[in-house]
Amino acid sequence: MNYGKYKYEMEKKAKEAKKKQHTVEIKEIKIRYKIDVHDYNVRIKNIKKFIAAGDKVKIVIMLRGREMQHTELAFDLANRFIADLEGEPINVEKKPSMEGRNLIIILAPSN
């Protein structure tokens, strides 16, 4: 067998496989815990769209200044996100946790 032809075929197969593969991105949604109902619904819709596309979603709830005293409200909002996305094919990859001044959750599509 001709080695050059073999090498060409292998490169062709690798290139074709690379075309069809989907890289998982992490989409980030930044919000504050004082979010309005409509804004919240828009974020939920965006999360569902990202998960359907096969991407991970990182929800960052930012706390500034005196808001740090009300971390329980941020945790309530995070748990509300998880509860409202209950029927979707979503895994909670990282539970709500504080990282500095931000509360972070990472959601991934369940396959």
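Please refer to the structure higher up on the page.
What comes next is a walk through the structure. In this text the structure is predicted, and so the values were computed from the model without any measurement. (Residues numbered from 1 in each chain as written. Predicted model: local features only at pLDDT ≥ 70, side-chain atom pairs only at ≥ 80, totals over all residues. Heavy atoms only, no water.)

## Description of the overall build of the protein
How we decide: Secondary structure counts use DSSP, requiring at least four H or I residues in a row for a helix and at least two E residues in a row for a strand, with both numbered from the N terminus. When we talk radius of gyration, it's over C-alpha atoms, and the globule rule is simply 2.2 Å times the number of residues to the 0.38. A 1.4 Å probe rolled over the protein chains alone gives each residue an accessible area, and that area as a share of the maximum for its type sets the label: buried under 20%, exposed over 50%, partly exposed in between. Any two residues whose heavy atoms approach within 4.5 Å at even a single point are treated as in contact. Every accessible area reported is derived by Shrake-Rupley at a probe size of 1.4 Å, with residue values counting cover from the shown protein chains alone. Charge counting treats Lys and Arg as positive and Asp and Glu as negative, with His and both chain ends excluded. By convention, the charge on Lys lies at NZ, on Arg at CZ, on Asp at CG and on Glu at CD.
For the protein, the count of helices and strands is 3 helices and 4 strands. By the compact-globule yardstick of 13 Å for 111 residues, the protein is too spread out, its C-alpha radius of gyration being 20 Å. A buried classification covers 26% of the 111 residues belonging to the protein. Across the protein, the fraction of contacts at a sequence separation of at least 24, relative to all contacts at a separation of at least 6, is 66%. Here the protein has roughly 7,900 Å² of accessible surface; of this, 50% comes from carbon and sulfur atoms. Across the protein, the centroid of the 24 positively charged side chains sits 6 Å from that of the 16 negatively charged ones.

## Details of the pattern of salt bridges
The condition is simple: In the sections that follow, a salt bridge refers to a side-chain nitrogen of Lys or Arg positioned within 4 Å of a carboxyl oxygen of Asp or Glu.
Going through the model one piece at a time under the given rule, you end up with 6 salt bridges. In this structure, the salt-bridge partner of E88 is K48, at a minimum N-O distance of 3.9 Å. Residue E88 is located in the loop between α3 (71–84) and β3 (90–99), and its partner K48 is located in helix α2 (residues 37–52); the two are separated by 40 residues in the primary sequence. The exposure class assigned to E88 is partly exposed, which follows from its relative accessible area of 30%. A salt bridge links K94 to E99; the nearest nitrogen and oxygen atoms lie 2.2 Å apart. Ionic contacts of the salt-bridge type, sharing partners, join the residues R32, K34 and E67 into one network.

## Examining a nonpolar patch on the surface
Applied cut-off: Candidate patch residues must exceed 30% relative accessible area and have no salt bridge, after which like charges are joined if within 9 Å and Val, Leu, Ile, Met, Phe, Trp or Tyr side chains if within 5 Å.
Together, Y3, Y6 and M10 line one region of the surface with nonpolar side chains, adding up to about 350 Å² of accessible area. Looking at the element boundaries, Y3 is found in helix α1 (residues 3–20). Overall, Y3 belongs to the exposed group, its relative accessible area being 59%.

## Quick look at the side chain of E67
Stated precisely, the cut-off is as follows: Polar contacts, as counted here, are pairs of nitrogen or oxygen atoms within 3.5 Å of one another; within protein the pair requires one atom able to donate a hydrogen and one able to accept it, and residues that are adjacent in sequence qualify only if both atoms are side-chain atoms.
Inspection of the secondary structure puts E67 in the loop between β2 (56–62) and α3. Taking relative accessible area as the criterion, E67 reaches 8% and is therefore assigned buried. A distance of 3.0 Å separates the side chain of E67 from the backbone nitrogen of R64, its partner in a polar contact. Residues contacting E67, with those up to four places away along its chain left out, are R32, Y33, K34 and M62.

## Comments concerning the pairing of β3
Note the following rule: Paired strands are those between which DSSP finds at least two bridges.
Where β3 meets strand β4 (residues 102–109), 7 bridges bridge the pair, whose relative direction is antiparallel. When the sheet's bridge partners are listed, K94 is paired in β4 with I106. Hairpin connection between β3 and β4: a loop of 2 residues separates the two successive antiparallel strands, and G100 in this loop has a positive phi of roughly 70°.

## Concerning the sheet that holds β2
Test applied: Fitted lines through C-alpha atoms give the axes, limited to the stretch in contact for helices. The angle between two N-to-C directions lies from 0 to 180 degrees.
Strand order in the open sheet formed by 4 strands is β1-β2-β4-β3, with mixed pairing between adjacent strands. Looking along the sheet, the strands with just one partner apiece sit at the ends: β1 (26–32) and β3. Each strand axis lies, on average, 15° off the axis of its neighbour in the sheet, ignoring direction. With 7 bridges joining them, β1 and β2 adopt parallel strand pairing. If you follow R32 over to β2, its bridge partner there is M62. Along the sheet face, α2 touches β1, β2, β3 and β4 and points at about 170° away from the line of β1.

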